[in-house]
Structures are given as structure tokens and as C-alpha cells.
Amino acid sequence: MLPLDLLFEGVLFGILLGAFYAAVSMGLSVSFGLLDVPHVAHPAIMVFGSYCTFVLARMGLDPIVAGVLLMAPFFLLGMLVYRFYYEAFERRGAEAGVRGIAFFFGLALIIEVGLILAFGVDQRLVEAAYIGQSLRFGDIRIPMRTLAVFGVAVVLTVLLSLYLAKTFTGRAIKAVAQDEPALRLMGADPVRIKQWAFGIATAVSALAGAMLIIIGPVEPAMDRLYIGRTFAVVVLGGLGSMTGTIAAGLILGISESIVLIHPALGASWAPAVSFALLLLVLAIRPQGLFGR
Amino acid sequence: MKLVSLAFGLLFSALALAQQGPIKIGMSMPQTGALGAGGKAALLALQMWVEDVNAKGGLLGRKVELTAYDDQTNPALTPGIYTKLLDVDKVDLLIAPYGTVPTAPIMPLVKQRGLLLMGNFSFQVNRTVKHDMWFNNSPWNDASSWSDGFIQAGQKAGGKTIAFLAADNEFAQNLANGARELAKKAGLQTVYNQNYPPNSTDFSSLIRGIRAAKPDIVFVMSYPGESVAIVRAVNEIGVGDSVKIFGGGMVGLQFTPIMESLGSSLNGIVNYNSYVPGINYPGIEEFLKRYSAKALEAKVDPLGFYLPPFNYAIGQMYEQAINATRSLDHKRLADYIRKNEMKTIVGPIRYGPDGEWANPRVVQAQFRGVVDKNMDQFRQPGKQVVLFPPEYKTGDVIAPFEKARGK
Amino acid sequence: MKFWASLVVVLALVVAAAFTVKNEFVFYAGYTVLLYVVLATAWNILGGYAGYVNFGTPAFFGLGAYTGAVLYKAFALPLGLQIAAAALMSGLLGLFAGALTLRLRGIFFAIATIALVVIMETAFINWRYAGGATGLQLLRPPPTAPFESYIKMLFVVMAAMALGAVALARYIQDSWIGRGLRAIRDSEEAAECSGVPTLRLKVFACTVSGALMGAAGAPMPMYLQYIEPSSTFNLNYAVGALASPMIGGTGHWLGPVIGALLLSSLQQYVTVTISNEMNVLVVGVLLVVFVVAAPEGILGLAKKVGARWKR
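Okay, so let's go over this structure. Bear in mind the structure is a predicted one, so any value in this text is a computation, not a measurement. (Residues numbered from 1 in each chain as written. Chains lettered and ligands numbered in written order. Predicted model: local features only at pLDDT ≥ 70, side-chain atom pairs only at ≥ 80, totals over all residues. Heavy atoms only, no water.)

## Concerning the packing of aromatic side chains
No. 1: Under the criterion given, the structure shown has 57 aromatic pairs over all chains.
No. 2: Centre to centre, the rings of Tyr82(A) and Tyr85(A) are 6.2 Å apart; their planes meet at 50 degrees, and the pair counts as tilted. Here Tyr82(A) pairs with Tyr85(A), and both are found in helix H3 (residues 63–88), just three residues apart, close to one helical turn.
No. 3: What makes Tyr82(A) buried here is its relative accessible area of 0%.
No. 4: Judged by relative accessible area, Tyr85(A) falls into the buried class, the value being 2%.
No. 5: With a centroid separation of 4.8 Å and an interplanar angle of 25 degrees, the aromatic rings of Tyr28(C) and Tyr223(C) are classed as stacked. Here Tyr223(C) lies in helix H10 (residues 220–224) and Tyr28(C) lies in helix H2 (residues 24–47), a separation of 195 residues in the sequence.
No. 6: Judged by its relative accessible area of 10%, Tyr28(C) is buried.
No. 7: Judged by its relative accessible area of 6%, Tyr223(C) is buried.
No. 8: Among the aromatic residues, those joined into a cluster by ring pairs are Tyr98(B), Phe121(B), Phe123(B), Trp140(B), Trp146(B), Phe171(B), Tyr223(B), Phe255(B), Tyr272(B), Tyr306(B), Phe310(B) and Trp357(B).
No. 9: Sitting over the ring of Phe13(A), Arg208(B) keeps its end group 3.4 Å from the ring centre.
No. 10: Directly above the ring of Phe3(C) sits Arg170(C), whose terminal nitrogen or CZ lies 4.0 Å from the centroid. (Phe/Tyr/Trp six-rings, centres within 6.5 Å; stacked < 30°, edge-to-face > 60°. Helix = DSSP H or I, 4+ residues; strand = E, 2+ residues; numbered from the N terminus. Buried < 20%, exposed > 50% of the residue type's maximum accessible area, 1.4 Å probe, protein only. Lys NZ or Arg CZ within 6 Å of the ring centre and 35° of its normal.)

See below:
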């Protein structure tokens, strides 16, 4: 088996990576987990956020700052996308919902190709003071960029969970997921709440995009890799549960990390980990760990 | 009477020429994707050759025209592009794209159609297809020509164990297969052997795995994007004190923009190259000066040491073959190239029976004293100390690896 | 009878073209158009008739392609047997994957199909004999008489496959299987309550769909003379297979044919004249436009126009 110190490093990096995966899946947890929108384009919007961060970083902004600044315009974008989706699909009934998948798929394609046309197929990355340096803990060296992203991920996750649990709108969002007619009876407009929620999910994706390009270089087709990861995390965690998303993110991060360092498996099996995990969950316990 | 017939003769030849049109050379060249940075520089050199040849009156009295498509370093695109070049654009002659990965898929196509293909810096891509009208322009021929220098440097530094890290693509696998055999013959013990999928971006786990295996020699075979990521990962988390030398087959560390952006993280790495300042091929320095001026304008690799001279040389070989045989027939051109030594700006070139250089000239050099954000430092000899081959050697290897990096 | 007569006529025209038209590139591009007719028709059996939108096409297509390639490398198997073996392998994949995942609904099923594609791709990346991530170069044999050009032969083979797929789709559509699938699409719960064997029908549709896609994949390695995982299992096949029926119309076998002929030809034209990326953009935009504005596809629009004309 693996030597103990290598295993320890694997788990440690798995936790750091896992927090990143959890943060990246938060947006989907809201849009798909709570709102039931078949948002296959979520990773594509995140990659779009990465490229926006790239552009802002080229102008001199720190990537994390850029990510935070992008949250506002992305919030508006999210509201627009949801409104369009609602009018075109959800309103027209359940069968239209299935076509919604095709719509988001088409949207993801358009974003992907748009990025290729604007930036080319080459990988892009950002530079910052904390990218390239590492901290030493005895024999182990942890890259600063991983720590920076871990920090942002933790803050984001905590803030979002608090928002959903404590604020009025946050609880309304959870309510609309649980019992829409009841909410309507109480006088709140579920469509506006869902629109707001989708906006938040998209804003979170902007920051996730910034984290993505800090962790490593991005290229336009990267969304395909993250469809598996984000959906695996959301489904494993259980639809609608923020705690579940965090736990599932960590599980995915650690599994991938161990596969990567395992001499027999290694890098060529790593992309399949998230998808294998997803299929396993869907086969054994479709409601996930903490699902409703 | 003589004057009239001369006039008619000239008139007819002029008409004939006007109707013949240009000689069309077709190729795909990676201008984006993994090899894009190198491909752009290579293409510029080929365009320079076309301009030079046309300034001299063209070939066989006709102008030369080059059609190059971007294949994005994507092997799935090249068969379609070359089919289009042949059936839609109807080109007369072909040049292969730069690099093993985009070239591998078109080998069966050219063999099937019996076409001459000038190879462009690919590695052993004709190994299985065995096409007899293939002539590769690169300073290596087989794995031994490439890895001997690196393995010898490692053994001189006292190395007894070796680790292999290779991309799962045609180039790296060809090289890795050869190198593994040679390492065994040299008596080295393999303690780590991993392949990774192309375009991987995160190497921290793999580097950690290498460190845990405690190898003396680390032989890496990677494409540009991965080479950069590997150098960065080594810089961030270190590869361990046991390592004596690191590098060997990392493509991309010869492209000037990459050398500039990696800067001091390159120090200590021993890697292959085709040319470093100080090596005196006749005509190369004059070419590089002209190239540099054009490259600055075109915003591509301004130093142009690695690929441009070799691509210009491909043009020179076509020029000599066409002028000598006075034809564009692929068989006759192939015969000429196979049998003759041709003079180019990268020295005299003679081909072996497998379509590779008969006399390899791969350089293994160690980066030393490189500073950040400075492109001009590479113009002087000294930043890449040549360890191999003996006729160009300028120094001995500094080991262990972490010491050579100044850490 | 009219249907079969028209099939024979089309096939005759195709063969005639193969022996008269000189420019090879027409057949090279035409092969891809016909390929998408087969993929779209196959996709529609599960995705259109039953309403189970999925992205699994590359998994079946890719498995078929690799089956052909590996059998050719190992035994120099002729093309006909390669196609048969590929159909068998992908049909089996459809059977097993279907039995496992078709209990899931809607988006879950769609995501599970993406998982299937990635797992297949990863499996082949790790199989050295099939070339791994590096890929395999293959030298194809000379074309079987009376064909003189291999590409023209493949074109005719693919045309025959397309006609066969269409005949099969039509048969399923008009049979009790088709009625069952439509019932599932309209309301799966109601269908189950009425006694329709929903799971069995869905798995059947998945198997047939997979087998057709696998058969369509088998000639690919001979077409390119090269095969490698990332382009073979590329999600772009899923896009084309899904977009064509959505644009053409999902309820009738003619929909995918119209959609594929139009869309794929447009794509080939754009690739040759503009660029490779633009053609993906064209598909994405058309898909979104049709899914939003014309859910019944071109056939649906034609019906509406026809109805208005009758007034």
C-alpha cells in the first residue's frame, strides 16, 4: 500500500482540494439542489468567470479582488438567465423541463465556443504574490495558492450557509424549495425568490471562477471536466443541503487526491473518480448523504 | 529570322509560365494549443524561406506559395486538414506540422497515397508505418541519440536509480520506451515510472510521488504546457534532496517566451536543445539576425533558437532537391533527398534509411544563473552550459539538483 | 411499399454518385453528414420517442470505433465484421448501462450518461494495446471491388447504414413499442399504472440506440486511419446527435434525418470556409433557438404552415 507519510500528504491536500470543490459546487447546490433547475451550464459560467478574472487581473487587479467585484454583474446575469429559463420552460410544464436540459447544454456550448473565439484554445493563468510560493511545514510544502483558495472557499461557504439559514430571503429560498404552494399562500412571489436565488448562485460562481484560475491554468473546454465534479458533489451531498455539499466536496477531494498519488492508478484514472462516485451514489442512495 | 523565333519562344514561355501558376506547398502548423508558441516561430521561418526563394526568381521559374492551416496541436484535426490540402487546395508539395503529436495521424495517409513528406521536429513518428518517402528534420534520430547525453550526465554525477515521468502522447511515449531500455542497459534501477494524460495541469501529487521514491535521476518527457506546470510544481514543493539531475526531454523549455516567464525556476534543470548561442553552423547567425527583426514585428519568439533555423532548413532542402532534379515529382525528389548530403544553415544534413538524420546532434545543457524577467540574457552563451555532445561541451554538470538551483 | 421503394432509389443514387463524382473531398465531408444521420436517428429512439434526453452518444459511438480498431489491429477483421462486432458491444453496453441507470429521471439520467462517457474514455486512455492516450495509427486495406477509393466505399457503407437506421426507427415508431415509448414520454406514471412495461421498453430502446451508434462508430478508425480517446469520446458527438432531432423534430423518424442533413451540412460548410470553432457555435445557437422557440422542430413548423395553408 501507500507509505504513511505519502498517504498523510494525500489526505491533507485532499482536504484543501475538497474545500475548493465544495465552494465551486455551492452555486449548483442552490440552483439545482434547491431550485431544481437542470443547470448543466453552471461549470461553463464558472469558467466564464475565470476568464473575466483573467482580463481584470491583466489590468492589475488581484484575482481574488477581481472575483469579488465580478459577483455583482454575475448576480444580474443570473437573474436574467433564470427569468428567461422560467418564461421559456418552467412555465410551460413538466415536459418542457426536459428540454430545459438541452437549453442549458446549448448555453454551455455557446459560452465555451465564445471563450475560444475570444481567447483561443490556449491555457490562461493569473499571477499574484501568493502564486508560486509555498509554506514549509517540516518535510511538507504547501503551495500558497492552494491555501489562499482554501481560505476563500471556507469564508464563502460559511457566509452562504449563514445567509440561507439566518436571513429572511435566505429562509424564503429554502422555503420555496420545500413547499412552493405554501409560500405562495403566505404572500411571497416564488418566481421572484427563485430569480434572486439563481442570481446568488451565479454570483457565487463568479468567485468560484476566480478560485479556479488561481488554482491552475484554465482553458475554455474545462467546464466539461467540472460537470462531473460539481454534480457529483451536489448529488452525493444531497440536494438542498449546504452541509452535505461541504462534506461531499471533502470526500471527492480526498478520493481524487489518493487516486492521484497511488502508483498503480495515478493521473490517468483521476478524471473518472468524480463520475464513478456519482454513479455509485445514484445507484445506491440517490438522495445523497443529507438529502431532503 | 533568329530574332523572330527568339521572340516567339520567349512569348510562348511567358504564356506557359503565366498559365502554370505558383508551386503550392501545403501544411498544417500548430499555432495554438500545446505547441502553438513554437509553431508560430517555425511558420515565420518558413515564410522567410518562401520570400527568399521568390526573391531569387522562384523554383523552376515559378513562384512558391505556402498554405498553412492552424491544427491547434490537435491530432484529430490533421487528417482532415491534409485531405483538404490535397483534394481541395490541390497543393504540389507537403511539409509536416511541427511536432510528433500532430504528425502521427497523417503518416498512414501519406503512405497510402505515395506522397513525399518532410518531417518537422517529430520523434520516431515513422516507426510503425515505415514510409520510405519520409524525411524528418530534427537533430535526433532514435531514443539513444536523445537520452545518452542525459543518462551519462546523471551517471557521472553518481546516479544509480532513475524515475520516469512521461506524457501519454506519441512523442513522450516513443522517447520513454527507448529511454527505459537504455537505462536498463546502463545498469540503472527504475524506482518510479508514471504516465499522465496530456494537458494535465496539476503535478503536485506526481512530484510528491517522485520525491517519495527518492530517485537519483529524474527523466521527464513532457509537452510545453505540462513542462511549465512541472517546473512550477518542482519550484513550489521540491523534488527531494536525493535527485542529482532533473529534466531530459521537456519540450517547451526551448521557447523563449517560456524561458523568460519561468526565469530562475529553470536553474539546475538539464534539458535537451537543438542550438544554443556559441555553436557555429555556417549561415545561422546571419539568419537569426534577420529572423529576430521580423519576429519582433510579428510578436513571436524573438530569439528563435530552437525551431526557426530548422524550418528554414526544410525549405533549403526542398530548394536543393527541386533545383537538382528539375521536377516536382515526389519519387524523384525523395530519391534525391535520400542519396545526397544537403547544405543548410543548421549544418550538412544526410539521411539514414529510416528517414532520420544519419548523424544526430542533440545538445544536453544545464540552465545556470538565469534571472527572472530577462529575455536578452539568453542571447549570450553561458546561461545554458552544454554538457553533451563532447564537440560542443562547455562545462560539467553541477549536482545535486537542489544545490544547482541555489536553494 | 412507397417507403421501401424510396430507400432503394436513394441507395441507387448514392452508388451512382460514388462512381461518377471525382472530387474525393465531397465524400470525405459527406461521410460525416451521413454519420450524423445515423447518430441522430439512433439518439431519437431513446431521447425523442421516450423523452429521455441524454448525452451518452460518445460512449456508444466510441466503444464501436475502438471495437473496430482493436479487432482490425488484432485479426485484420474485414469492415463488415467490425461493424457487426461493434454493434454487439455497444448494444451490450446499452443493455447494461440502461438497466442500471434508466430508473433515474430527467436530469439525473442525463448526468449519468455523461458519467458513462467519461468512464469509457478513461478506460481506453488506460488500455495500452488500444493505444492509450497516444492513439493508434492504422493502415487500412485496399477497398473491396468494385470500389476504387476507400473513402467512396465508406460513404456508400454509411449511406446504407443510414437507410437501415431509418427503416428500424420507422418500424419501432409504428409498432406497439413506439406507442409504449410515447406513453412513457407523455407521462411515465400514467403509463406504468396502465400496465406498460416501462423499464423493459426503455432498456430495449437504449440497447437498440446503442447498437446503432456502435455500428456507426466502427468505420471511423478506417476513415481517419488514426484513433485516440479524447476526440473519439468527445462530447461534440453528443451535441450533434442531440441537436439534430431537436431541430428536426423528435416525434417522427423524418425529424432526425432532416435535422442531421441540414445541421451537419451547415457544419461542414462552416468548418471548411470559416473555422472549426464556428461550427460548434452554430450548433449551440441553433439548438437554443429551436428548443426555445420551436419545440416541435422543423417538422412541427412544417405542420403548422401546412395547417395554415389548408385554411
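## Examining helix H6 (residues 143–156) of chain B
Residues and elements named next belong to chain B.
No. 1: Given a rise of 1.5 Å per residue, 14 residues ought to cover 20 Å, and the 20 Å separating the end C-alpha atoms of H6 matches this to within 8%.
No. 2: Listed as buried for H6 are Ala143, Ser145, Trp146, Ser147, Gly149, Phe150, Ile151, Ala153 and Gly154.
No. 3: In this structure, the buried residues of H6 make contact with helix H7 (170–185), strand S8 (217–222), strand S9 (245–250), strand S10 (270–273), strand S13 (363–367) and strand S14 (384–388). (Expected span 1.5 Å × (residues − 1). Contact = heavy atoms within 4.5 Å.)

## Let's talk about the sheet that holds strand S6 (residues 161–167) of chain B
Across a sheet, paired strands are connected by hydrogen bonds in the backbone, their directions being either parallel or antiparallel.
Residue and element names in this part refer to chain B.
No. 1: Read across the sheet, seven strands follow the order S7-S6-S8-S9-S10-S13-S14 without closing on themselves; strand pairing throughout is mixed. Only two strands of the sheet have a single neighbouring strand rather than two, namely strand S7 (189–196) and S14. Across the sheet, the mean angle from the axis of one strand to that of its neighbour is 25 degrees, orientation sign disregarded.
No. 2: As judged from the two bridges shared by S9 and S10, these two strands associate in the parallel manner. Residue pairing for S10: Gly248 is matched across the bridge by Asn271.
No. 3: Across the sheet, H6 is in contact with S8, S9, S10, S13 and S14; its angle to S9 comes to roughly 175 degrees.
No. 4: Sitting on the sheet, helix H8 (residues 204–213) is in contact with S6, S7 and S8, with an inclination near 175 degrees to S7. (Pairing = 2+ DSSP bridges. Axes fitted to C-alpha atoms, helices over the stretch in contact; angles between N-to-C directions.)

## Observations concerning a nonpolar patch on the surface
No. 1: Among the surface-exposed residues, Leu88(C), Met89(C), Leu92(C), Leu95(C) and Phe96(C) lie close enough to one another that they form a single nonpolar patch of about 470 Å² accessible area.
No. 2: You can see Met89(C) is positioned in helix H4 (residues 79–101). (Patch = residues over 30% accessible without salt bridge, like charges linked within 9 Å, V, L, I, M, F, W, Y side chains within 5 Å. Areas by Shrake-Rupley, 256 points an atom, 1.4 Å probe, with all protein chains shown as cover. Salt bridge = Lys/Arg side-chain N within 4 Å of Asp/Glu carboxyl O.)

## Remarks on the interface of chain C and chain A
No. 1: Listed as interface residues are 36 residues of chain C and, on the opposing side, 34 residues of chain A.
No. 2: Here chain C and chain A share an interface that buries about 3,300 Å² over both sides, 86% of which is from carbon and sulfur atoms.
No. 3: Where chain C touches chain A, the interface holds zero salt bridges.
No. 4: Elements that contribute at least two residues to the side of chain C that touches chain A include exactly helix H5 (106–125), helix H12 (235–248) and helix H14 (276–293) of chain C.
No. 5: Classifying every residue of the side of chain C that touches chain A gives 27 nonpolar, eight polar and one charged. (Buried area = accessible area lost by both parts, 1.4 Å probe. Nonpolar A, V, L, I, M, F, W, Y, C, P; charged D, E, K, R; others polar.)

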